[in-house]
Amino acid sequence: MKKASVLLGVLAVAVAQSFAADMKPLKLDFPPSQLEGTPVPVKLAGLTPVEESNPVPMVPADVKNIALKKAVTASDDFPLEGELEYITDGNKAANQGCYVDITGGLQWVQIDLGKESEIFAVAVWHFHSQKRAYNDVVIQVSNDKEFKNGVTTIYNNDHDNSAKLGKGTDKPWIETNEGKLIPLKAPVKAQYVRLYSDGNSTNEVNSYIEVEVFGR
Ligand SMILES: [Ca+2]
Ligand SMILES: [Ca+2]
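For the structure given in this document, a descriptive report is provided here.

Looking at the coordination of the calcium ion (ligand 2)
Right, so step 1: With distances of 2.2 to 3.0 Å, the protein atoms coordinating the calcium ion (ligand 2) are Asp-136 (OD), Asp-136 (OD), Asp-158 (OD), Asp-160 (OD) and Ser-162 (OG).
Right, so step 2: Here the donor residues of the calcium ion (ligand 2) share one chain and are spaced in sequence as D-x21-D-x1-D-x1-S. Linking Asp-136 in the loop between strand S6 (107-125) and strand S7 (138-142) with Asp-158 in the loop between strand S8 (152-156) and strand S9 (180-197), this pair joins segments that are 22 residues apart in sequence. Taken individually, Asp-136 and Asp-158 each receive the classification buried, so the pair is uniform in this respect.

Shown next as structure tokens:
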């Protein structure tokens, strides 16, 4: 009996090890810091944005950025500056010509992954040549292009529900070149990823440099 339980224990360790071997830590590739100008206080109504390093979740070894070069649409198809394509072009530099500016107010951008995919994490770089925080950031995934049915919210810092997507308890963050990695509590199968925002601590514009979706 004792031998059998020892053997079972050894088997369990072996299974756990082979499982662990197929996992990897998810670390973002990020561009050099490009902070410019005189820093301005980062303040949002009623909220204190946090500046913290990204978590390093374990994900299956075949998980990669499946948003690269995928089609992007938005609530406003005519950006003030730049092109929606910049959001999935793989370039995370902060220079002019690398970010797209979408008009003020609550707006969204949406990535079509091309097919239903198992999503483990989403990363976003809004803007990083100035320390600022974005307001009412809500990130959702769904198989419904219109985001009416089967919607999973993976991040929400809209504490007063002004976006009317439900009240969120996530903390807004101060943007840096390292971006923001948001791991899902459990992987979700979905084809579309939508990111809302309503301006930032400096101006009313909704900027994006890059969005990555880690899945398979
Ligand atoms: Ca880009
Ligand atoms: Ca709000």
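Okay, back to it.
Thoughts on the pattern of salt bridges
Right, so step 1: Going through the model one piece at a time under the given rule, you end up with five salt bridges.
Right, so step 2: Glu-212 is the partner of Lys-92 in a salt bridge, and the nearest nitrogen-oxygen pair spans 2.9 Å. Taken together, the positions of Lys-92 in the loop between strand S4 (71-74) and strand S5 (100-102) and Glu-212 in strand S11 (residues 210-215) put the pair 120 residues apart, joining distant regions of the chain.
Right, so step 3: The class of Lys-92 is buried, set by a relative accessible area of 10%.
Right, so step 4: What makes Glu-212 buried here is its relative accessible area of 7%.

Focus: the side chain of Thr-176
Right, so step 1: Looking at where Thr-176 falls in the secondary structure, it is placed in the loop between S8 and S9.
Right, so step 2: A distance of 3.0 Å separates the side chain of Thr-176 from the backbone nitrogen of Glu-178, its partner in a polar contact.
Right, so step 3: Setting aside residues up to four positions removed in sequence, Thr-176 forms contacts with Glu-51, Trp-125 and His-128.

Digging into the coordination of the calcium ion (ligand 1)
Right, so step 1: For the calcium ion (ligand 1), every protein donor is listed as Tyr-86 (O), Asp-89 (OD), Asn-91 (O), Ile-209 (O) and Glu-210 (OE), and the spread of their distances is 2.2 to 2.4 Å.
Right, so step 2: In the primary structure, the donors to the calcium ion (ligand 1) are separated according to the pattern Y-x2-D-x1-N-x117-I-E.
Right, so step 3: On the basis of relative accessibility, which here comes to 28%, the residue Asp-89 falls in the partly exposed class.

Things to note about the nonpolar core
Right, so step 1: Residues Ile-119, Ile-139, Val-193, Tyr-208 and Val-211 are the most contacted members of the largest nonpolar core, which totals 45 residues.
Right, so step 2: Secondary structure elements with two or more residues in this core: S4, S5, S6, S7, S8, S9 and S11.
Right, so step 3: Among the elements that take part in this core, S6 stands out by supplying 10 residues, more than any other.
Right, so step 4: Leaving out residues up to four positions away in the same chain, Ile-119 has contacts with Leu-113, Val-141, Leu-184, Pro-187, Val-188, Ala-190, Val-193, Val-213, Phe-214 and Gly-215.
Right, so step 5: Core analysis: the next-biggest nonpolar cluster, separate from the first, contains five residues, Val-42, Leu-44, Leu-47 and Ile-174 among them.

Let's talk about the side chain of Asp-101
Right, so step 1: Topologically, Asp-101 is positioned in strand S5.
Right, so step 2: Although Asp-101 lies buried, it forms no salt bridge, and the closest oppositely charged side chain, Arg-132, sits 6.0 Å away as judged by the N-O distance.
Right, so step 3: Not counting residues up to four positions away in its chain, the partners in contact with Asp-101 are Pro-79, Leu-80, Glu-81, Val-205, Asn-206 and Ser-207.

Observations concerning the packing of aromatic side chains
Right, so step 1: Per the stated rule, a full pass over the model turns up two aromatic pairs.
Right, so step 2: Summarising the aromatic geometry, the rings of Tyr-99 and Phe-127 are spaced 5.1 Å apart at their centres and angled 75° between planes, so their arrangement reads as edge-to-face. Taken together, the residues span a long stretch of sequence, with Tyr-99 in the loop between S4 and S5 and Phe-127 in the loop between S6 and S7 at a distance of 28 residues. No difference in accessibility class separates Tyr-99 from Phe-127, as the two residues are buried.
Right, so step 3: Look at Tyr-155 and Trp-173: their rings are 5.4 Å apart centre to centre, the planes differ by 85°, and that puts the pair in the edge-to-face class. Residue Tyr-155 is located in strand S8, and its partner Trp-173 is located in the loop between S8 and S9; the two are separated by 18 residues in the primary sequence.
Right, so step 4: Among the residues examined, Tyr-155 registers a relative accessible area of 4% and is labelled buried.
Right, so step 5: It is Arg-132 that lies over the ring of Phe-127; its NZ or CZ is 3.9 Å from the centre.
Right, so step 6: One Lys or Arg, Arg-194, reaches over the ring of Trp-108 and ends 3.7 Å from the middle of that ring.

Some words on unusual backbone geometry
Right, so step 1: Residues other than glycine seldom take positive phi values, yet Lys-69 does so here, at roughly 65°.
Right, so step 2: One can find Lys-69 in the loop between strand S3 (64-65) and S4.
Right, so step 3: Since its relative accessible area comes to 62%, Lys-69 is described here as exposed.
Right, so step 4: Located in the positive-phi region is Lys-164, a residue other than glycine, with phi close to 60°.
Right, so step 5: Mapped onto the fold, Lys-164 is located in the loop between S8 and S9.
Right, so step 6: Classification of Lys-164 by relative accessible area gives exposed; the value is 69%.

Criteria and cut-off values
Residues numbered from 1 in each chain as written. Chains lettered and ligands numbered in written order. Predicted model: local features only at pLDDT ≥ 70, side-chain atom pairs only at ≥ 80, totals over all residues. Heavy atoms only, no water. Donors = N, O, S within 2.8 Å, 3.2 Å for Na, K, Ca; no water. Helix = DSSP H or I, 4+ residues; strand = E, 2+ residues; numbered from the N terminus. Buried < 20%, exposed > 50% of the residue type's maximum accessible area, 1.4 Å probe, protein only. Salt bridge = Lys/Arg side-chain N within 4 Å of Asp/Glu carboxyl O. Polar contact = N/O pair within 3.5 Å; in protein donor to acceptor, adjacent residues only side chain to side chain. Contact = heavy atoms within 4.5 Å. Core = buried A, V, L, I, M, F, W, Y, C linked by side-chain atoms within 4.5 Å. Lys, Arg positive; Asp, Glu negative; His and termini not counted. Phe/Tyr/Trp six-rings, centres within 6.5 Å; stacked < 30°, edge-to-face > 60°. Lys NZ or Arg CZ within 6 Å of the ring centre and 35° of its normal.

Nothing here speaks to function; it is geometry throughout.
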